[in-house]
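Report on the structure
Given next are the chains, with one letter for each unit.
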Amino acid sequence: VYTIQAVGLSTGNPNAANSFLVSPNPASDLLRLQFGNPLAAETRAVLFNSTGQTVRTWVLPQGLENTHFNLPALPEGWYVLNVEGIGARKVVVR
């Protein structure tokens, strides 16, 4: 007989339990981020193009709950927005 017990794991990153939404998607010149909880620590958001090149980087302050990014003159296509320690989302720019 075996017993299975759930055990919580920690990544060591205070923001790891957070999540975020991006809108609108597709975007044109503005992208909004909304976090499920205020950021527990300063972190970075990095936008990558479809070939993996860094296009933009933003520093997000501790306590942030929502923000927006201007996306001026980005070519149409798909991008990946990675919020370090939290996750990544695909973003389409039109």
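Just above sits the structure.
Along every chain, residues carry numbers that run from 1 in the direction the sequence is written. This being a predicted model, a pLDDT of at least 70 is required before a residue's local features are given, and a value of 80 or more before pairs of side-chain atoms are given or counted; all residues contribute to the totals for chains, interfaces and linings. With hydrogens and water stripped out, all remaining heavy atoms of the structure feed into the side-chain values.

With that settled, consider the packing of aromatic side chains. Aromatic rings in a pair are described by how distant their centres are and how their planes are angled relative to each other. Ring pairs shown here join Phe, Tyr and Trp side chains whose ring centres sit within 6.5 Å, with only the six-membered ring taken for Trp; geometry is labelled stacked below 30 degrees between planes, edge-to-face above 60, and tilted in between. Tallying each qualifying case throughout the model produces two aromatic pairs. Centre to centre, the rings of F20 and F35 are 5.9 Å apart; their planes meet at 45°, and the pair counts as tilted. Residue F20 is found in strand β1 (residues 20-23), and its partner F35 is found in strand β2 (residues 30-35); the two are separated by 15 residues along the sequence. Residues F20 and F35 agree in their burial class; the two are buried. Ring centres 3.8 Å apart and planes at 5° place the aromatic pair W58 and F69 in the stacked group. Placement of the pair is W58 in strand β4 (residues 54-60) and F69 in strand β5 (residues 66-70), with a sequence separation of eleven residues. Per residue, the accessibility class of W58 equals that of F69, and both read buried. The rule is short: NZ of Lys or CZ of Arg within 6 Å of the ring centre and within 35 degrees of the ring normal puts a charge over the ring. In this structure, R89 is placed above the aromatic ring of F20, and the distance from its NZ or CZ to the ring centre is 4.2 Å. One cation-aromatic arrangement involves K90 over W78; the distance from NZ or CZ to the ring centre is 5.6 Å. Secondary structure follows DSSP: runs of H or I at least 4 residues long count as helices, runs of E at least 2 residues long count as strands, and numbering of each begins at the N terminus. Exposed residues in this analysis have more than 50% of their type's maximum accessible area, buried residues have under 20%, and partly exposed residues fall in between, with area computed by a 1.4 Å probe over protein chains only.

Turning to the sheet that holds β1, a few remarks are in order. Two strands pair if DSSP finds at least two bridges between them. Strands sit in the order β1-β2-β5 across an open sheet of three strands; the sheet is antiparallel. Edge positions in the open sheet fall to β1 and β5, since each of these has one partner strand only. Across this sheet, the average inter-strand angle for adjacent strands is 20°, counted without regard to direction. Relative to β5, β2 runs antiparallel, the two sharing five bridges. Each bridged residue has a counterpart across the sheet, and for L30 the counterpart in β5 is N70. What counts as an axis is a line fitted to C-alpha atoms, over the stretch in contact for a helix, and the angles between N-to-C directions run from 0 to 180 degrees.

With respect to topology, four strands assemble into an open sheet ordered β4-β3-β6-β7, the strand pairing being antiparallel. Of all the strands in the sheet, the pair left with one neighbour each is β4 and β7 (87-93). With direction set aside, neighbouring strand axes in the sheet form an average angle of 20°. Direction of pairing for strand β6 (residues 77-83) relative to β7: antiparallel, over a ladder of seven bridges. Within the sheet, the bridge partner assigned to V80 lies in β7 and is K90.

These values are about where atoms sit, not about what they do.
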